Amino acid sequence: MNLHEYQGKEMLSSFGVRIQRGIVAQNAEEAVAAAKKLTEDTGTGWHVIKAQVHAGGRGKGGGVKLAKNLQEVERIAGEIIGMDLVTPQTSAEGKRVHQVLVAEDVYYPGDSEPEEYYMSVLLNRATGRNMIMYSTEGGMDIETVAEETPHLIFTEEIDPSVGIMPFQARKIAFNLGLSGLAFKEMTKFVTSLYTAYDKSDSSLFEINPVLKTSDDKIMAVDAKVTIDENALYRHKDYEALRDLREENPIEVEAKEVGLNYVDLDGNVGCMVNGAGLAMATMDLIKQAGGEPANFLDVGGTADAARVETAFELILRDPNVKAILINIFGGIVRCDRVAQGVIDAYKNMGNIEVPIIVRLQGTNADIAKELIDNSGLAVMSATEFQEAADKVHQVLS
Ligand code: GDP
Ligand code: MN
């Protein structure tokens, strides 16, 4: 689950990580009130207005702007709220901005080269350890840094059962070229950041940029936080941070009815029982010359109602040109699934895309007969290759 920048910063701050302070606002009026409050609290005269959407690269897309007085706060907030922000990380249509973060300006006026660093915390799946990745090249795409100057990216692995050791925090501050107060500040920053990652059960933190202020404080200016959904039961309060407006509507609906659906860009919808078979089916679609339009695991109980719901979800994607149903009847009987497919097909009445059904396992032969005798435009298959050939056939 991804958080908005303002939510991520609040969470980090609750673990003692120094952040650029800010207040979220839903409209221009609230933005002005937020700016006034920040001036009272921090003495700042200038403010940055930052679009709150689940996408990075907002600065490049015009979603981060500096306001030098309250009139500018009002105007810029008014412009950004309601816009469809296009960034290198969004689709061409962009993302609708519903709110902005009004933040204190923490950059030194006239400083054309502020000291910005990059820092992320994530899991290294290969070693089973957490990892802090950091660089002196903050404020730009880490992908670009990795490509052009890979020697400027450092990593520090942390044993999760031990936690971050003081020498590791010092090594990071040293590699970033810091000394004096900034060095000490960085060790504190890194240590609290790692603690926050660990205690919040996050799967990714990306702080870009981390800023060294003119008075040698180290703070998070941006925050991308992804929380591990599997650990949400331990953090009931984080569940309220979910912003469904930022999520794919089909995925949200699928989750509500207990279907495991992930939207993809392709043209062949698929409905499968079991995640492993679903992955194999996506490979099958690719080999047949198609591209999967989704991942969909209907789980063990593929009855007519579930199949119908799954159909509806798949068909809501306008890119779907064919549907492949691939069910292994282990506990669930194939004839039951076949009947479910037929019933759903008849009930919906408006399915125009070709459907290929592969049923294998218990009562597969009865299932094939049911499909073949249904009189519907549904093709049956029992073998993997046969299903692939039929997908290829309907696409060409
Ligand atoms: P992103 O573009 O989505 O990654 O959003 P960021 O939060 O990283 O902001 C983009 C850029 O805005 C940063 O790299 C900074 O250069 C700039 N920025 C952020 N906060 C301030 C600020 O307080 N003052 C000034 N002058 N620039 C800022
Ligand atoms: Mn950023």
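Just so you know, these numbers come straight off a predicted model, no measurement behind them. (Residues numbered from 1 in each chain as written. Chains lettered and ligands numbered in written order. Predicted model: local features only at pLDDT ≥ 70, side-chain atom pairs only at ≥ 80, totals over all residues. Heavy atoms only, no water.)

Engineer: Could you give an account of the pattern of salt bridges, naming the residues involved and the relevant values?
Structural biologist: Under the criterion given, the structure shown has 24 salt bridges. Notably, a salt bridge pairs Arg21 with Glu104, separated by 3.6 Å at the nearest N-O pair. Here Arg21 is found in the loop between α1 (5-14) and β1 (22-25), whereas its partner Glu104 is found in strand β6 (residues 100-104), with 83 residues between them in sequence. For Glu104, a relative accessible area of 8% puts it in the buried group. Residue Lys171 is joined to Glu156 by a salt bridge in which the shortest nitrogen-to-oxygen separation is 2.8 Å. Here Glu156 lies in strand β9 (residues 153-158) and Lys171 lies in helix α5 (residues 166-175), a separation of 15 residues in the sequence. (Salt bridge = Lys/Arg side-chain N within 4 Å of Asp/Glu carboxyl O. Helix = DSSP H or I, 4+ residues; strand = E, 2+ residues; numbered from the N terminus. Buried < 20%, exposed > 50% of the residue type's maximum accessible area, 1.4 Å probe, protein only.)

Engineer: Requested: an account of unusual backbone geometry, with residues and values cited.
Structural biologist: Keep in mind that most residues, glycine aside, have a negative phi and that most peptide bonds are trans. The omega angle of the peptide bond from Asn208 to Pro209 is 10°, so this bond is cis rather than trans. Counting through the fold element by element, Pro209 comes out in strand β10 (residues 202-212). Within the chain, Asp201 stands out as a residue other than glycine whose phi angle is a positive 55°. Relative to the helices and strands, Asp201 is located in the loop between α6 (180-199) and β10. Take Asp201: its relative accessible area is 17%, and that puts it in the buried class. Phi is positive for Asn363, close to 65°, though the residue is something other than glycine. Mapped onto the elements of the fold, Asn363 is located in the loop between β17 (355-361) and α12 (364-372).

Engineer: Tell me about the coordination of the manganese ion (ligand 2), residues and numbers included.
Structural biologist: Reference geometry at the metal: tetrahedral coordination by four donors gives ideal angles of 109.5 degrees; octahedral coordination by six donors gives 90 or 180 degrees. Each protein donor to the manganese ion (ligand 2) is listed here as Asn208 (O) and Asp222 (OD); together their distances run 2.2 Å. With a gap of 14 residues between them, Asn208 in strand β10 and Asp222 in the loop between β11 (218-220) and β12 (224-227) connect regions that are remote in the sequence. Residue class for Asn208 comes out buried when judged on its relative accessible area of 17%. (Donors = N, O, S within 2.8 Å, 3.2 Å for Na, K, Ca; no water.)

Engineer: So what's going on with helix α2 (residues 28-42)? Which residues, and what values?
Structural biologist: Taking 1.5 Å per residue as the helical rise, α2 with its 15 residues ought to reach 21 Å, and the 21 Å between its terminal C-alpha atoms agrees with that figure. Residues of α2 that are buried make contact with β1, β2 (47-51), α3 (70-80) and β6. Its side-chain oxygen 3.2 Å from the backbone nitrogen of Glu29, Asn27 forms the N-cap of α2. Of the residues flanking the end of α2, it is Gly43, one or two places downstream, whose phi is positive at about 80°. (Expected span 1.5 Å × (residues − 1). Contact = heavy atoms within 4.5 Å. Polar contact = N/O pair within 3.5 Å; in protein donor to acceptor, adjacent residues only side chain to side chain.)

Engineer: If you had to explain the side chain of Asn273 to someone new, which residues and values would you point to?
Structural biologist: With respect to the helices and strands, Asn273 occurs in the loop between β14 (268-272) and α9 (275-287). A residue is classified by how much of its surface remains accessible, and Asn273, at 12% relative accessible area, is buried. At 2.9 Å, the side chain of Asn273 forms a polar contact with the backbone oxygen of Phe328.

Engineer: Explain the domain arrangement of the protein residue by residue, including any values.
Structural biologist: What the domain assignment lists for the protein is domain 1 (1-20 + 108-246), domain 2 (21-105) and domain 3 (248-395). Using only C-alpha atoms to locate each centre, domain 1 and domain 2 end up separated by 22 Å. Carbon and sulfur atoms supply 42% of the area that domain 1 and domain 2 bury against each other, a total of about 1400 Å² over both sides. Taken as a group, Tyr6, Gln20 and Glu246 account for 43% of the area that domain 1 buries against domain 2, more than any other trio of residues on that side. Counting the contacts that link domain 1 with domain 2 gives five salt bridges. In this structure, the salt-bridge partner of Glu5 is Lys50, at a minimum N-O distance of 2.7 Å. Where domain 1 meets domain 2, there are 11 residue pairs in polar contact (both at pLDDT 80 or more). Across the side of domain 1 that touches domain 2, the residue classes tally to five nonpolar, three polar and seven charged. (Domains from an automatic or database assignment. Buried area = accessible area lost by both parts, 1.4 Å probe. Nonpolar A, V, L, I, M, F, W, Y, C, P; charged D, E, K, R; others polar.)

Engineer: Explain the site of ligand 1 residue by residue, including any values.
Structural biologist: Taken together, 17 residues form the shell around ligand 1, and within it Gln20, Lys50, Arg58, Gly59 and Asp105 come nearest. The contact in question runs from an oxygen atom of ligand 1 to an N or O atom on the side chain of Arg58, over 2.7 Å. Within the side chain of Asp222, an N or O atom sits 3.1 Å from an oxygen atom of ligand 1. Burial of ligand 1 by the protein amounts to 80% of the accessible area it has alone, namely 570 Å². Among the secondary structure elements, those contributing two or more residues to the shell around ligand 1 are β2 and β10. Here the residues of the shell around ligand 1 sort into six nonpolar, five polar and six charged. (Near = heavy atom within 4 Å. Areas by Shrake-Rupley, 256 points an atom, 1.4 Å probe, with all protein chains shown as cover.)

Engineer: Tell me about the packing of α9 against helix α13 (residues 384-395), and name the residues and values.
Structural biologist: Relative to each other, α9 and α13 sit at 45°, their axes nearing to 10 Å. Between α9 and α13, the angle falls in the class oblique. Here α9 and α13 pass one another in a crossing that is right-handed. On the side of α9, the interface is formed by Leu277, Ala280 and Leu284, while α13 contributes Phe384, Ala387 and Ala388. Here the contact of α9 with α13 is built from residues that sort into six nonpolar, no polar and no charged. (Axes fitted to C-alpha atoms, helices over the stretch in contact; angles between N-to-C directions. Parallel < 35°, antiparallel > 145°, perpendicular 65-115°, else oblique. Left-handed = near helix turned anticlockwise from the far one by under 90°.)

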